[in-house]
Amino acid sequence: MSRRRRWNRLTPVTVVDLDGLADAVDPARLTPEQFVQLIEVLHMLGDAGTGIELAGMRTETFLRFLGRATREQVDALMAHPDLRPVVFTEVFRRMAEHLAADDLRAVVHWRFTGPDGEDRFETVIDRGRCTSGPEPTADPRVTITIDPADFLRAITGAASLPVLFLSGRVKVKGDIAFAAGLIGHFDLP
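So, here is what we can say about the structure in this document.

**Describing the packing of aromatic side chains**
One pair of aromatic rings is described through two measures. These are the centre distance and the angle between the planes.
And then number 1: Going through the model one piece at a time under the given rule, you end up with twelve aromatic pairs.
And then number 2: With a centroid separation of 6.2 Å and an interplanar angle of 55°, the aromatic rings of F88 and F151 are classed as tilted. Linking F88 in helix α6 (residues 83–97) with F151 in helix α7 (residues 148–155), this pair joins segments that are 63 residues apart in sequence. Per residue, the accessibility class of F88 equals that of F151, and both read buried.
And then number 3: The aromatic ring of F178 is capped on one face by R141, whose charged end is 4.2 Å from the ring centroid.

Structure (structure tokens):
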């Protein structure tokens, strides 16, 4: 059989099981630098239009993968000036997909503090729609100030928001009761 015939019989793989890849990678086996490199490669492949990107990962897989990362890995990821906004954008995009409150109207301002300064985001929840962006457009019902790594660890379930609040690692300005129940307005896996 000629080489050409053998190649013609092969079926190319066109679908990448990104969820399977994320489940197969054990962050505990990676250094913080390797963990950041993995996220960087996924982002680079997405930018190159390969179809392999963080947005292609199911939300439950995305959260589980980040939740299995160590504090040092998450700190290193959030310290990366190019990847921090990518991860924030991905988290806030997914929030819009998982809003569970149809009658809620609120504006939340997020302040993510770190050694490189501060990142800000605004989330507007308006009767079943949730949009987020880096520019404030309205007065907030609540402003939440939190370290970026603590935020990621809290949304993945790796850290407790009440414990972070009681320890002073989360600061809330405005409607504290609303802030305490905010995560309950989202149907997160």
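**Description of the pattern of salt bridges**
And then number 1: In this structure the tally under the stated criterion is 15 salt bridges.
And then number 2: With a shortest N-O distance of 2.8 Å, E118 and R120 are connected by a salt bridge.
And then number 3: A residue is classified by how much of its surface remains accessible, and R120, at 46% relative accessible area, is partly exposed.
And then number 4: Of the charged contacts, one joins R169 and D150 as a salt bridge, the two residues approaching to 2.8 Å between their closest N and O atoms. In this pair, R169 is assigned in the loop between α8 (161–166) and β5 (170–174) and D150 in helix α7, connecting sequence segments 19 residues apart.
And then number 5: Judged by relative accessible area, R169 falls into the partly exposed class, the value being 40%.

**Comments concerning the nonpolar core**
And then number 1: Formed by 50 residues in total, the largest nonpolar core has its most connected members in L77, W110, F151 and L152.
And then number 2: In terms of residues, this core owes the most to one element, α6, which gives seven residues.
And then number 3: If near-sequence neighbours (up to four positions away) are discounted, L77 is found in contact with F35, V36, I39, L66, L83, R84, V87 and L152.

**What to know about the sheet that holds strand β1 (residues 105–114)**
And then number 1: One open sheet holds the five strands; their spatial order is β3-β2-β1-β4-β5, and the pairing between them is mixed. Here the strands that pair on one side only, and so sit at the sheet edges, are β3 (129–133) and β5. Direction aside, the axes of adjacent strands within the sheet are offset by 15° on average.
And then number 2: Of the strand pairs in this sheet, β1 and strand β4 (residues 142–146) are connected by five bridges, and their pairing is parallel. Looking across to β4, one finds that F112 is bridged to I146.
And then number 3: Sheet strands touched by α6: β1, β2 (117–126) and β3. Its angle to β2, the strand with the most contacts, is close to 15°.
And then number 4: In the packing of α7 onto the sheet, contacts are made with β1 and β4, and the angle to β1 comes to roughly 130°.

**What about the packing of helix α5 (residues 71–79) against α6?**
And then number 1: Running from N to C, α5 and α6 point in directions that differ by 105°, and their axes come no closer than 6 Å. Taken together, the axes of α5 and α6 are roughly perpendicular relative to one another. Counted together, L77, M78 and A79 of α5 and L83, R84, V87 and F88 of α6 form the full contact between these two elements.
And then number 2: For the contact of α5 with α6, the class distribution of residues is six nonpolar, no polar and one charged.

**A look at the environment of A154**
And then number 1: By the secondary structure assignment, A154 is in helix α7.
And then number 2: The class for A154 is buried, based on a relative accessible area of 9%.
And then number 3: As a C-alpha pair, A154 and S132 span 22 residues in sequence and 18 Å in three-dimensional space.
And then number 4: Among residues more than four places away in sequence, those in contact with A154 are A159, L161 and L164.

Rules of the game
- Residues numbered from 1 in each chain as written.
- Predicted model: local features only at pLDDT ≥ 70, side-chain atom pairs only at ≥ 80, totals over all residues.
- Heavy atoms only, no water.
- Phe/Tyr/Trp six-rings, centres within 6.5 Å; stacked < 30°, edge-to-face > 60°.
- Helix = DSSP H or I, 4+ residues; strand = E, 2+ residues; numbered from the N terminus.
- Buried < 20%, exposed > 50% of the residue type's maximum accessible area, 1.4 Å probe, protein only.
- Lys NZ or Arg CZ within 6 Å of the ring centre and 35° of its normal.
- Salt bridge = Lys/Arg side-chain N within 4 Å of Asp/Glu carboxyl O.
- Core = buried A, V, L, I, M, F, W, Y, C linked by side-chain atoms within 4.5 Å.
- Contact = heavy atoms within 4.5 Å.
- Pairing = 2+ DSSP bridges.
- Axes fitted to C-alpha atoms, helices over the stretch in contact; angles between N-to-C directions.
- Parallel < 35°, antiparallel > 145°, perpendicular 65-115°, else oblique.
- Nonpolar A, V, L, I, M, F, W, Y, C, P; charged D, E, K, R; others polar.

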